[in-house]
Amino acid sequence: MKLLLVGSGGREHALVWKLKQSAKVDKIFCAPGNAGIAEQAECLPVKGEDIEGLLKVAKEKKVDLTVVGPEAPLTLGIVDRFSAAGLRVFGPSQAAARIEGSKAFMKDLMKKYRIPSAAFATFDSPEKAKAYLKKVGAPIVVKADGLAAGKGVILCQTLPEAEAAIDQIMVKKEFGPAGDKVVIEEFLTGEEASFLAFTDGEAVLPLASCQDHKAIFDNDQGPNTGGMGAYSPAPVVTPQIYQQIIDQVMVPTVRAMKAEGAPYRGVLYAGLMIGKGGVKVLEFNARFGDPETQPLLFRMKSDLLPLLEASADGSLKGMKIEWHDQPAVCVVMASKGYPGSYEKGFPITGLPEANALPDTFVFHAGTALKDGKVVTAGGRVLGVTARGKDIKAAIDRTYQAVKKIRWDGAYYRTDIGRKALVRKRV
Ligand code: AMP
Ligand code: GLY
């Protein structure tokens, strides 16, 4: 089979790496890809948002299945466009991708179908939003309604901070039209986990549990990023919590989407807060997580391709996934300055040495080739990933690999996976 992978991050490199191992796969194209992906797939210079351009290459290259990594093409309707043209594609329709594309849609859905989530209110004027803030007080969470690359969520400890957040989103329009509406949410406490499941609109097939690290600095300090590291499994998801997630979140959400006339096919990602009151949904994403996909696929023993095909074709019922028992950890190495502004173009050294460690692989995110050398080309640059006999061994091996890699201004968190270690001791 010939595949087209859409995207250019660490998630897409992990997908290409895993799909390349499938006996059924003859060739993978990736649009636009990165320097690491280029070693395993043919990269094509078409952007993820260029739906017509992607359709053209999918037809030209006689692609059998297109797999969409990021949210932007999904919310632009790539799945509807490809399906209408008779092409097979993995991912939700534009209507179903609203579960990520509009926080107001997602929150209304959860309220209607009693899916546990933070209390909230939605506003389309800053004055009304501020009047509401005065009523409910702080701490509180202020979110831009639309897509803002994971940065449109502002956690506010005080009322003035919350008012400033409203101005940032609705008045200064720092996230553009994503800030036309604002969602104000109850501040939840607890420990976060990411939970992903394949679904064909009916059947729900969960992946292993995992946990992301959203903040830029150690101990979850500083602004949020797209994710600075992840590990799987996440011990915060006990067997009891796992069952709650399936029964109260994943299955009801898939049913709700069908009942709303927007059946969800693809991978559904729930960002969860696990606290005293049980499980609550922070957000849904209409795609694989990044960096969660790196440790998840590093632990997946089963062939990924039949799972993607079954989700796209509606034949997921009865399928199973096998996992390595060993935990996997991914540490993101980023450019100095990320998630703010940063410079690009620094040569990266030590990649072969890191990849030579056992059960270790360096997934590329923001990298490019310049004069035959791998250079930095984005905020999140690499996702260094390893397995170990237990979580401690996996963490140690991952950081051993990280320390072999260098460039001018490389930054990474030093505490990825620590929550799993601490939890084990209690
Ligand atoms: P979101 O993109 O909505 O998942 O938000 C990004 C991050 O902000 C989450 O991973 C949480 O760390 C934090 N967050 C979002 N909503 C809340 C909330 N209601 N209470 C506490 N933290 C939150
Ligand atoms: N790692 C968070 C996300 O993929 O949205």
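Above this text sits the structure in question.
Residues numbered from 1 in each chain as written. Chains lettered and ligands numbered in written order. Predicted model: local features only at pLDDT ≥ 70, side-chain atom pairs only at ≥ 80, totals over all residues. Heavy atoms only, no water.

Participant: I would appreciate a short explanation of the overall build of the protein in the present structure.
Facilitator: The helix and strand inventory of the protein stands at 14 helices and 23 strands. A globule of 426 residues ought to have a C-alpha radius of gyration of about 22 Å, and the protein, at 21 Å, matches this closely. Expressed along its principal axes, the backbone C-alpha trace of the protein runs to roughly 60 × 45 × 45 Å. The buried share of the protein, reckoned over its 426 residues, is 58%. Taking the intrachain contacts of the protein between residues at least 6 apart in sequence as the baseline, contacts between residues at least 24 apart amount to 68%. Element-wise, carbon and sulfur atoms account for 51% of the exposed surface of the protein, whose accessible area totals about 17,500 Å². (Helix = DSSP H or I, 4+ residues; strand = E, 2+ residues; numbered from the N terminus. Rg over C-alpha atoms; globule rule 2.2 N^0.38 Å. Buried < 20%, exposed > 50% of the residue type's maximum accessible area, 1.4 Å probe, protein only. Contact = heavy atoms within 4.5 Å. Areas by Shrake-Rupley, 256 points an atom, 1.4 Å probe, with all protein chains shown as cover.)

Participant: Help me understand the nonpolar core, please; the structure alone is not making it clear to me.
Facilitator: Nonpolar side chains in soluble globular proteins tend to end up buried together. Core analysis: the largest hydrophobic core is formed by 75 residues, its most contacted members being Leu4, Ile78, Ile99, Phe284, Leu382 and Ile405. Of the residues forming this core, the biggest block, eight residues, is contributed by helix H9 (residues 239-259). Not counting residues up to four positions away in its chain, the partners in contact with leucine 4 are Phe29, Cys30, Ala31, Leu44, Leu54, Val57, Ala58, Val63, Leu65, Thr66 and Val67. Counting residues in hydrophobic clusters, the runner-up holds 41 residues, among them Leu5, Val67, Met300 and Phe361. (Core = buried A, V, L, I, M, F, W, Y, C linked by side-chain atoms within 4.5 Å.)

Participant: Sorry, what's going on with the sheet that holds strand S1 (residues 2-7) here?
Facilitator: Think of a sheet as strands paired side by side through backbone hydrogen bonds, with each pair either parallel or antiparallel. Taken in spatial order, the five strands make up an open sheet running S3-S2-S1-S4-S5, and their pairing is parallel. The outermost strands of the open sheet, each flanked by one partner alone, are strand S3 (42-43) and strand S5 (89-90). Where S1 and strand S4 (residues 65-68) come together, four bridges link them in parallel fashion. Paired with valine 6 across the bridge in S4 is valine 68. The strands touched by helix H2 (residues 51-60) within the sheet are S1, strand S2 (27-32) and S4, with S1 carrying the most contacts at an inclination of about 165°. (Pairing = 2+ DSSP bridges. Axes fitted to C-alpha atoms, helices over the stretch in contact; angles between N-to-C directions.)

Participant: What am I meant to see in the site of ligand 1 here?
Facilitator: Near ligand 1 you find 16 residues, and of these Glu185, Glu186, Leu188, Glu192 and Glu283 are the closest. Between lysine 143 and ligand 1, the recorded distance is 2.9 Å, taken from a side-chain N or O atom to an oxygen atom. At 2.7 Å from a nitrogen atom of ligand 1 is found a side-chain nitrogen or oxygen belonging to glutamate 185. Burial of ligand 1 by the protein chains amounts to 95% of its free accessible area of 470 Å². Mapped onto the shell around ligand 1, the elements with two or more residues apiece are strand S7 (140-144), strand S8 (153-156), strand S9 (182-186) and strand S17 (278-285). (Near = heavy atom within 4 Å. Polar contact = N/O pair within 3.5 Å; in protein donor to acceptor, adjacent residues only side chain to side chain.)

Participant: When you look at the pairing of S4 in this model, what are you seeing that I'm missing?
Facilitator: Consecutive side chains of a regular strand alternate in pointing toward one face of the sheet and then the other. Along S4, one buried face is formed by Leu65 and Val67 and the opposite face, lined by Thr66 and Val68, is buried too. The pairing of S4 with S5 spans two bridges and is parallel. Bridging from a neighbouring strand, threonine 66 pairs with valine 89 of S5.

Participant: Can you walk me through the site of ligand 2 in this structure?
Facilitator: In the neighbourhood of ligand 2, the contacting residues comprise Asp212, Lys214, Gly226, Tyr269, Asn285, Arg287, Gly289, Asp290, Pro291 and Glu292. Within the backbone of glycine 226, a nitrogen or oxygen atom sits 3.0 Å from a nitrogen atom of ligand 2. Glutamate 292 places a polar side-chain atom, nitrogen or oxygen, 2.8 Å from a nitrogen atom of ligand 2. Out of a free accessible area of 200 Å², ligand 2 has 92% covered by protein chains. Its residues assigned to classes, the shell around ligand 2 shows two nonpolar, three polar and five charged. (Nonpolar A, V, L, I, M, F, W, Y, C, P; charged D, E, K, R; others polar.)

Participant: Where do I start with the packing of helix H7 (residues 126-136) against helix H8 (residues 159-171) in this structure?
Facilitator: The description of two packed helices rests on the angle between their axes and on the distance between the axes. For the pair H7 and H8, the least separation of the axes is 10 Å and the interaxial angle reads 165°. Looking at the two axes, H7 sits roughly antiparallel to H8. Crossing hand, H7 versus H8: right-handed. Residues Pro126, Ala129, Lys130, Leu133 and Lys134 of H7 form the contact with H8, whose own contacting residues are Leu159, Ala162, Glu163, Ile166, Asp167, Met170 and Val171. (Parallel < 35°, antiparallel > 145°, perpendicular 65-115°, else oblique. Left-handed = near helix turned anticlockwise from the far one by under 90°.)

Participant: Any chance you could explain the sheet that holds S9 here in plain terms?
Facilitator: If you trace the four strands from one edge of the open sheet to the other, you get S6-S9-S7-S8, paired in antiparallel fashion. In this open sheet, the two strands that pair with only one neighbour each are strand S6 (120-123) and S8. Adjacent strand axes in the sheet meet at a mean angle of 20° when their direction is disregarded. Pairing of S6 with S9, which is carried by four bridges, proceeds in the antiparallel orientation. Note that in S9 the partner of phenylalanine 120 across the bridge is glutamate 185. Taken strand by strand, H7 contacts S6, S7 and S9, and its axis lies near 160° from that of S6.

Participant: I would appreciate a short explanation of the pattern of salt bridges in the present structure.
Facilitator: Close approach of charged atoms allows side chains of opposite charge to pair. Applying the stated criterion across every chain yields a total of 26 salt bridges. Residues glutamate 12 and arginine 11 are paired through a salt bridge, measuring 2.9 Å at the closest nitrogen-oxygen approach. With a relative accessible area of 1%, glutamate 12 lands in the buried category. We note a salt bridge from arginine 88 to glutamate 309, for which the minimum N-O separation is 3.0 Å. With arginine 88 in the loop between helix H4 (78-84) and S5 and glutamate 309 in helix H11 (residues 305-313), the pair connects residues that are 221 residues apart, well separated along the chain. Judged by relative accessible area, which is 28%, arginine 88 ranks as partly exposed. (Salt bridge = Lys/Arg side-chain N within 4 Å of Asp/Glu carboxyl O.)

Participant: I would appreciate a short explanation of H8 in the present structure.
Facilitator: In a regular helix each residue adds 1.5 Å, so 13 residues correspond to 18 Å; H8 covers 17 Å between its end C-alpha atoms and thus fits that length. Every buried residue of H8 is accounted for by Ala162, Ala165, Ile166, Ile169 and Met170. One face of H8 carries all of its buried residues, which in axial projection span an arc of 105°. With respect to the buried face of H8, the exposed residues turned more than 90 degrees away are Pro160 and Val171. Those residues of H8 that are buried lie in contact with S6, H7, S7, S8 and S9. Just downstream of H8, lysine 173 is the residue with a positive phi angle, here 55°. (Expected span 1.5 Å × (residues − 1). Arc of directions from axis to C-beta.)

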